[in-house]
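# Analysis of the macromolecular model
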Amino acid sequence: LSVLGFIFAAMMMMAGVGIALFAGFSGLEAGLGAGLGVFYLLLGVFYLMPCLYLFRFADGINRSMKTGSESELTKSFQNLKSCFRFVGITTIVMIALYLIGIIAFVFLGAMGIFGI
């Protein structure tokens, strides 16, 4: 799964570069295309972290099974813990952002900002 994650992150970063470079040709405004391209680049870099932790975990488990080293096993489980911690913190932050967005839209809707 970590290798597929690396591939997906690389494709996301290549898409970000493509969007940033060719936004003017596709009819998007140059600033919007550049902003969207940078967003995809940052998202791809951000996605690399849990994949790296997962890869280190898998590699450490493989090495510890071959050598029987308990320290390698401990180190690999620390990488798995870091992966789950990263994903958990990201999930909590996203849930908080969704709640803030929902509250903001309800508040703005109650004020009649949207005019619907």
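Residues numbered from 1 in each chain as written. Predicted model: local features only at pLDDT ≥ 70, side-chain atom pairs only at ≥ 80, totals over all residues. Heavy atoms only, no water.

### A look at the overall build of the chain
When helices and strands are tallied, the chain shows 3 helices and 0 strands. Reading the chain from its N end, one meets helices and strands in the order α-α-α. The C-alpha atoms of the chain give a radius of gyration of 21 Å, which is well past the 13 Å a tight globule of 116 residues would have. Considered along the principal axes of its C-alpha atoms, the chain spans approximately 65 × 40 × 15 Å. Taken across its 116 residues, the chain has 18% of its residues classed as buried. When contacts within the chain are restricted to residue pairs at least 6 apart in sequence, those whose partners lie at least 24 apart make up 57%. For the chain, the distance from the average site of its 6 positive side-chain charges to the average site of its 4 negative ones is 7 Å. (Helix = DSSP H or I, 4+ residues; strand = E, 2+ residues; numbered from the N terminus. Rg over C-alpha atoms; globule rule 2.2 N^0.38 Å. Buried < 20%, exposed > 50% of the residue type's maximum accessible area, 1.4 Å probe, protein only. Contact = heavy atoms within 4.5 Å. Lys, Arg positive; Asp, Glu negative; His and termini not counted. Charge placed at Lys NZ, Arg CZ, Asp CG, Glu CD.)

### Concerning the environment of Gln78
Structurally, Gln78 is set in helix 3 (residues 70–111). Look at Gln78 and you get partly exposed, because its relative accessible area is 47%. The sequence separation of Gln78 and Tyr53 amounts to 25 residues, and the corresponding C-alpha distance is 9.0 Å.

### Focus: the confidence of the model for the chain
Per-chain confidence: the chain averages 90 in pLDDT, with 94% of residues scoring 70 or above. Of all secondary-structure elements in the chain, the lowest mean pLDDT belongs to helix 2 (residues 30–67), at 91, while helix 3 reaches the highest, 94. (pLDDT = per-residue confidence, 0-100.)

### With respect to the environment of Gly112
For Gly112, the location among the structural elements is in the segment after helix 3. Distance in space between the C-alpha atoms of Gly112 and Phe77 is 52 Å, their sequence separation being 35 residues.

### Description of the pattern of salt bridges
Side chains that carry opposite charge are capable of pairing whenever their charged atoms lie near each other. Counted under the stated rule, the structure contains 3 salt bridges. Between Arg63 and Asp59 there is a salt bridge, and its shortest N-O distance comes to 3.0 Å. Here Asp59 and Arg63 lie together in helix 2, a separation of 4 residues that amounts to about one turn. Relative accessible area serves as the criterion here: at 37%, Arg63 is assigned to the partly exposed category. (Salt bridge = Lys/Arg side-chain N within 4 Å of Asp/Glu carboxyl O.)

### Some words on helix 1 (residues 2–22)
The first and last C-alpha atoms of helix 1 sit 30 Å apart over 21 residues, in line with the 30 Å expected at 1.5 Å per residue. Buried within helix 1 are the following residues: Ser2, Gly5, Ala9, Met12 and Gly16. Buried residues along helix 1 cover an arc of 70° about the axis, so they all sit on one side. In helix 1, the exposed positions that point more than 90 degrees away from the buried face belong to Leu4, Met14, Leu21 and Phe22. (Expected span 1.5 Å × (residues − 1). Arc of directions from axis to C-beta.)

### A closer look at the packing of aromatic side chains
Evaluation of the coordinates by the stated rule reveals 5 aromatic pairs. Centroid distance Phe6 to Phe55: 5.9 Å. Interplanar angle 65°. Geometry classified as edge-to-face. Of this pair, Phe6 sits in helix 1 while Phe55 is found in helix 2, placing the two residues 49 residues apart along the sequence. Given the relative accessible area of 26%, Phe6 is considered partly exposed. Each ring, one from Phe46 and one from Phe86, has its centre 5.1 Å from the other, and the planes form 45°; the classification is tilted. Taken together, the positions of Phe46 in helix 2 and Phe86 in helix 3 put the pair 40 residues apart, joining distant regions of the chain. Residue classification places Phe46 among the partly exposed positions, given a relative accessible area of 40%. (Phe/Tyr/Trp six-rings, centres within 6.5 Å; stacked < 30°, edge-to-face > 60°.)

### Here we look at helix 3
Three- or four-residue spacings in an α-helix give side chains the same orientation, since the helix completes a turn every 3.6 residues. For helix 3, which comprises 42 residues, the first-to-last C-alpha distance of 61 Å matches the rise-based estimate of 62 Å (1.5 Å per residue) to within 8%. Restricting attention to buried positions, one finds in helix 3 the residues Glu72, Ser76, Asn79, Leu80 and Cys83.

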